[in-house]
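Chain and residue survey
Residues per chain, in single letters:
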Amino acid sequence: MLRPCSLLLWQVAVSLSSHVVTASRCGGGSDIFTALRENSPMGQFISELGMTAEAGANKAERATSLRLCVSGDDAAWFYLEGRTLRLNASDPRVLDREAHGPMLIAELTCYQDNVIQTKFRILVEILNENDNRPKFVKETIHRFTVSELTAVNSVLFTVKAMDADGDMISYIIDPSSRDPQFFRIDLPNSGKIVLNKPLDYETRTQLQVLIWAQEVNTEEKFNISAVLTVNIEDGDDQYPHFLPCTPISPGDPVCVSPNYSTNISQKQQDLVLKFSPGPIRAEDGDRGLNTSLIYSILSGGDQSQFRINNRTGEIQLTRAVPLRHQEKTFTLTVMVCQEDDRLKYSVVSVLIRVLNENTFPPVFNRTTFKGFIVENLSPASIVTTYGNQVLQIKASDRDFSDGLNPNIHYSILPPSGLYQVTDGGVLIARTDRLHAFDRHKVRGGTSVLDFTLADRKNLHWN
């Protein structure tokens, strides 16, 4: 595109160059002003030279005594074809305004009889063409790192593209890129990339966005793109949480604290307690920072009955529970906090059950259990008594005042493929593997289980 001053210069050059053609003598010539577009081909016409010898010489002398010579820094860009001045361009030496500059300057010397008669300036303006695409400045499209605590509407970074032709550039975020929703450009010509929504290291540690740089004021609208990678740096915005972590909802970093529990006896002491569902342990919610944590017992320690390792979270029973102790449980409140910020903390309840000394083994309340199963099409059936009641195996434990030990587990030894017993002592039989009037005896601990499979049509109730 010709600027106003360039257009004026070109118009003057055309006007002047038309007079050069009429200059018929070395002494009557003038400077040459003209313009060429960059990338013009080899032999492109520049100007016609009409100089002749001085008046008074005959025609033959004038034809042989006149000599023209082009010199100067840019003389290599010109050559004379008779009295015509042409462009000397060749592949790969192309007339490029961006590489050479806006002007070609040389000098035309006129000799007559090998004597310098006069010198003329050659001034050729190189007119710009849109022959270059924008290019990003490498320093502005490297990998970026931003904190997750960066405020929305903040400028994260600025990209910049250069156009050798000097064209105006605008910047666009490609909506089809991976994470365009996190970014926006408020001023298209500025290249400033603004944070559009909050960042969260716990859900995304890296983002990618595709940026286009495009010419605004040209017909071609040349453009270029770059994929920018943004690493998210963890910030201290999460509280510590106890493990195992059960998220409130899928994808939510907030955890529901576990319920830690264990059993001890009255005689145990100087013992590191083992808890369910696992050891008392917490971690910093900011995984990228992993700040050191401090554990403490807030309440329920019963005058140092329990001691906690403030670095590992291990709880130790320091002395035996007195026999006169009426409480059957201890409930501790344990706190964990960040070492560098005590205001970031979490608490959890720890249940410790005190069990009586296990002196007596459990015993069955009878030596023989009798039951039967009604033949039916179901693959499994519950064993019942002859009184049409569910047969339930029960055992008592004298270590408990009521004889009921909640931790008794029932099993059939050796394991049977036909029967199994639940934790509540209910027997289940594989009906599809039994036949009418079959009788089986199964040993369970010190008791004998006697079962009969009855045919429903022959069954009589007493």
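On a predicted model such as this, the values are computed, not experimentally measured, just so you know. (Residues numbered from 1 in each chain as written. Predicted model: local features only at pLDDT ≥ 70, side-chain atom pairs only at ≥ 80, totals over all residues. Heavy atoms only, no water.)

1. Description of a nonpolar patch on the surface
- A cluster of nonpolar residues, I248, V254 and V256, forms a patch on the protein surface that exposes about 260 Å² of accessible area.
- By secondary structure assignment, the location of I248 is in the loop between β18 (246–247) and β19 (255–256). (Patch = residues over 30% accessible without salt bridge, like charges linked within 9 Å, V, L, I, M, F, W, Y side chains within 5 Å. Areas by Shrake-Rupley, 256 points an atom, 1.4 Å probe, with all protein chains shown as cover. Salt bridge = Lys/Arg side-chain N within 4 Å of Asp/Glu carboxyl O. Helix = DSSP H or I, 4+ residues; strand = E, 2+ residues; numbered from the N terminus.)

2. Regarding the pairing of strand β20 (residues 260–265)
- The element β20 is extensively covered by neighbouring structure, given that five of its six residues are classed as buried.
- Sheet analysis places β20 next to strand β27 (residues 341–355), joined by six bridges and oriented parallel. Of the residues in β27, the one forming a bridge with N263 is R353. (Buried < 20%, exposed > 50% of the residue type's maximum accessible area, 1.4 Å probe, protein only. Pairing = 2+ DSSP bridges.)

3. Things to note about the confidence of the model for the protein
- A residue-level look at the protein finds 83% of positions with pLDDT of 70 or above and a mean pLDDT of 81.
- Model confidence for the protein, summarised as mean pLDDT per element, is weakest for helix α1 (residues 4–22) at 33 and strongest for strand β13 (residues 183–184) at 97.
- This model gives residues 451–462 a pLDDT under 50, and the stretch forms 41 contacts once residues within four places in sequence are excluded. (pLDDT = per-residue confidence, 0-100. Contact = heavy atoms within 4.5 Å.)

4. Considerations on the sheet that holds strand β24 (residues 306–308)
- Taken together, three strands build an open sheet; the order of strands is β21-β25-β24 and the sheet is antiparallel. The open sheet has two free edges, formed respectively by β21 (271–272) and β24, since each of these has just one partner strand.

5. Focus on the packing of aromatic side chains
- Following the criterion strictly, the structure yields four aromatic pairs and no others.
- For the ring pair F144 and F157, a centre distance of 3.9 Å and an interplane angle of 10° mean the geometry is stacked. With F144 in strand β9 (residues 144–147) and F157 in strand β10 (residues 155–158), this residue pair connects regions lying 13 residues apart in the sequence.
- For F157, a relative accessible area of 6% corresponds to the buried category. (Phe/Tyr/Trp six-rings, centres within 6.5 Å; stacked < 30°, edge-to-face > 60°.)

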